[in-house]
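Spelled out, the chains give:
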Amino acid sequence: MSLTDWLLDPSGLTPHGFCLSWLPGLIWLHAGSDAVIGLSYFSIPLALAWFVRKRNDLAYRWVGHLFVAFILACGLTHMLSILTLWMPAYGMEGVVKLVTALLSVATAVMLWPLVPRVLALPTPVQLGRLNAALTRTIEEQERTAALLRESEAKVLAVNSELERRVAERTAELRAANAQLTEALAERAVALEALASSEAEYRASFEAAAVGKVQVNPETGLMLRVNNAFASMLGYHRADLAGRMEWPDLLWGEDRTAEGLELARLLAGEASVYVRELRFRRQDGTPVWGRVSATLVRGAGMRKAGARLPPLLLAVVEDIDTMHKTALALKESETRLRLAAEGAKLGIWELNLARGLGWVDRRTAEVTGGTLPAETWFPLSGPEYAAWADWIHPDDQAERAAGLSLLQTGAAELVQMQYRVRRADGDPDAAEGGGGWIWLSHRSAIVARDPVTWAPTRATGVLIDVTERAAAEAALREAKADLELVVAERTAALKQRDLLLREVYHRVKNNLQIIDGLVMMQALQLKDPDGRQALMGLRSRVYALGLVHQQLMASPDLESFDIAPFLDELARNILLSGADEAVELDIAICPLTVNLDFAIPLGLLVTELITNSLKHAFPNGRGTITMAMRRREEGDVLLVVADDGDGIPAPSSVEEEDGGGYRRGLGSTIVKGLVAQLDGTIAMRFDKGTRAEIILPTPVLDMAGSPVGMAAP
C-alpha cells in the first residue's frame, strides 16, 4: 500500500457516514457542527495573530504564536472529520491529530512555567492605583510651582520699584555729568575725527594699487610717494620722497607738455588734468602712465600760524602693458590687412545684436561697390539687398540657408562656396556663364549674449577661388579620363592573366604527356641503368610541371611560396622511387619566388633527393632531411641530407668536381644549377651525405622577376 492510499483510502475501511447508516439528518448534523467549530477555530487564531501584531509592547509574544498554531491544528481536525464522513481518510486524520497532540503538549508544557511570570505582571487595578498616585504628585508639584511664581512676581514688583528709583537718580547724575563734559567731548570727537581721517588718508595713500604722489608745484619737489608709484619706476620710496623733483622723472619729450599743463593749473585755468605720458625708470627705460592731477591751494589753511603752500595731488596709473598691447594690436591689424590684401581675402563682420554689417575694401570691390567699405551699414538696408542680387540664382538658396544657420546660432562655423557676378563683368556675359567668379565663404560666431546665448557678433572671410574651381573641374575631367584608362588597363591585365593561365595549363599538360611517354619507355626497357636514367628524367619533368602548376594557382601568375612546392616535390620523388621504410623530415621557411628561381631550385632538390635514394640506403631504410631557412647575413641556406651510407668521398683531386662532390653527370647538373642560382655548395660525408647550399634571397621587382638574376 502506498503512502497516498494509506493517508486517503486505506483498504477495508468505510467512511464514518457508514456508521451513521447514512442518515441525512445525522450526517449533516455532524458536518455542520464540525464546519462551524472549524471556522471558529480558524477565526480565533487570526484574531490572536492580529492582536499580537498590533501590540508590540506585549511580553511573551511567542505564547500567542503557539496558541495560534494549536488552535489552527484543532480546526483542521474538525475539517478532516467532515472529510471522513464520505472518505475513509483516517490516515491523514490521524496525522493531523498527532500534530495537534504535539502542539497541545508543547503548549501545556511551556504554559505552566510561564504562569508565575504572568501572575507577577501588575494588574490593571494596580496600574490604575499607580497612575492615581502619580497624578496626585504632579498636582502637588503644580501647586508648589504656582506659589513660587506668585512669590517671584512680588519680588519682581519690588525690584522694579527699586530700579525705577535708581534710574531716576542715575538720570539726574548723568545730566549733571553731561553738562560738565560736553565741552571736552566735543573737542575729543573733533580730534578723533581728525586723527581718523588722517589715518584713513594715509592708509589709502600707502595701500593704493595705483601710484600716488604729492608734489610742491612751486619747487617741483616730491613730498610723498606710495609703494605702487616707486615700484612702477623701479625705485624705493626713500629714494624719491624729499629727494627728487617731479620733472626729473618725466621722459625728455614729454616734459614741455607737462610743464604747460601744470602752469594752467597754477594759473587757475583748469582744476584738473589727465594726460598719458612717459616716465623714466631707474634703469633708463620708458614706461607709460596715465596721470590724473589736481591742485590743492593753501588759501585759508594754516599750520602753526603760517599759510600752507599749494599741493599737487597726482594719481599715476601704470598703462605700459595696455599701451604696448594697443600698439601690438594696431601692428597686428596692419599685418592682417596686408596679409588679407596679399592673399586676396575679403574680411567682413556682422553685428547681429544691432543688425549692422561691415566689410573691408577687398570685399567692397568684390561686391562691385554695392556695400560701402570700412563703414557700418544696416543689414535691412538697400545696400545689403543689392549685394544679394549679385549672387548666382542657383546659389542664392544655399547662401541664405548658411547665413540663417549663423544668425540663429544653429552652427558655430559655416563654410560654403557660391558664384557672384564679376565686378568688372557684363551682366549679359554673366547670364551666359562667362561673367561669374567663385567665392569661398567661411564665417564663425565670435560673441553670444550671456543670458539668451543668442549670437551677437559674427565674422568671416571671402576668398576668390575661381582658379581653384577651374582646376578642380579640370582635375575631375582628368580623373574621369584616368579611370577610363585604368579600366582599359585592368581589362588588358585580366586578358593577360587568362592567357598566362592557359599557357601554364598547356605547358603542364605537355609535361604530363612527356612524363607519360617517359614512363612507358622506362617500362619497356630491360636495362636497369637505362630505366633508372629515365626515372630520373621523369622526376625532373615532374618538377617542371609542378612549377607551372604552382604559378597557375598563384594570384599574380608570376610568383608563389616555395615551401609547399618543395614539400610536394620531395614527397612525390619519395613515392615514385623509394622503399616504404625511407622517411622524410621537411622544414622549409616561407619564401616567395618566381619561375626563374623555382625551376633550377626544384631541379636541384630533385637531383639531391634522387642521389640519396640511389646511393644512401642499400638496405631500404633511413631518413632524408630537407631544411631551408633565412640566415642573419640575408641569404638562404638549403640543406639536403641523409643518414644512410652515402656517396663515397672522392679519394683524389681528379675524382673531385668542386665542393667535395664526386665527378659525374649528377654532380655536373647540381653544380650547374647552383651556379645558375648564384649560390655555393658544400658537401659533407660523415654519418651520411649532407649538402649545404647557400643561395641569395630572391628580390622580386614590380613585374615579379628576381632583380639581378638572369633567366635559365
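Refer to the structure above for everything that follows.
Residues numbered from 1 in each chain as written. Predicted model: local features only at pLDDT ≥ 70, side-chain atom pairs only at ≥ 80, totals over all residues. Heavy atoms only, no water.

Some thoughts on the sheet that holds strand E17 (residues 622-630)
Here is step 1: Overall, mixed pairing links the five strands, which are arranged E15-E17-E18-E20-E19 in an open sheet. Taken across any chain shown, the strands that pair with only one partner, and hence form the sheet edges, are strand E15 (582-588) and strand E19 (680-684). The average angle at which neighbouring strand axes cross in this sheet is 10°, direction not considered. (Pairing = 2+ DSSP bridges. Helix = DSSP H or I, 4+ residues; strand = E, 2+ residues; numbered from the N terminus. Axes fitted to C-alpha atoms, helices over the stretch in contact; angles between N-to-C directions.)

Details of the pairing of E17
Here is step 1: In terms of strand pairing, E15 meets E17 through seven bridges, oriented parallel. What sits directly across from Ile586, in E17, is Met626.
Here is step 2: Sheet topology places E17 next to strand E18 (residues 636-642); seven bridges connect them, and they run antiparallel. Counterpart to Ala627 in the pairing with E18 is Val639.
Here is step 3: The loop that links E17 with its antiparallel partner E18 comprises five residues; one of these, Gly634, has a positive phi angle of about 105°.

With respect to the pattern of salt bridges
Here is step 1: Here the structure, examined in full by the defined rule, presents 21 salt bridges.
Here is step 2: Measuring nitrogen to oxygen at the nearest pair gives 3.2 Å for the salt bridge that ties Glu172 to Arg169. Of the two residues, Glu172 and Arg169 both sit in helix H7 (residues 124-207), three residues apart, roughly one turn of that helix.
Here is step 3: Given a relative accessible area of 49%, Glu172 falls into the partly exposed group.
Here is step 4: For Arg169, a relative accessible area of 51% gives the class exposed. (Salt bridge = Lys/Arg side-chain N within 4 Å of Asp/Glu carboxyl O. Buried < 20%, exposed > 50% of the residue type's maximum accessible area, 1.4 Å probe, protein only.)

Observations regarding the sheet that holds strand E9 (residues 356-359)
Here is step 1: Spatially, the six strands line up as an open sheet ordered E10-E9-E8-E13-E12-E11, and their pairing is antiparallel. Since the sheet does not close on itself, it has two edges, and those belong to strand E10 (377-378) and strand E11 (413-421), each with one partner.
Here is step 2: Across four bridges, strand E8 (residues 345-351) lies against E9 in antiparallel orientation. Across the sheet, the residue bridging to Leu350 is Gly357, located in E9.
Here is step 3: Sheet contacts for helix H14 (residues 396-408): E8, E11, strand E12 (436-448) and strand E13 (455-464); angle to E11, the most-contacted strand, approximately 145°. (Contact = heavy atoms within 4.5 Å.)

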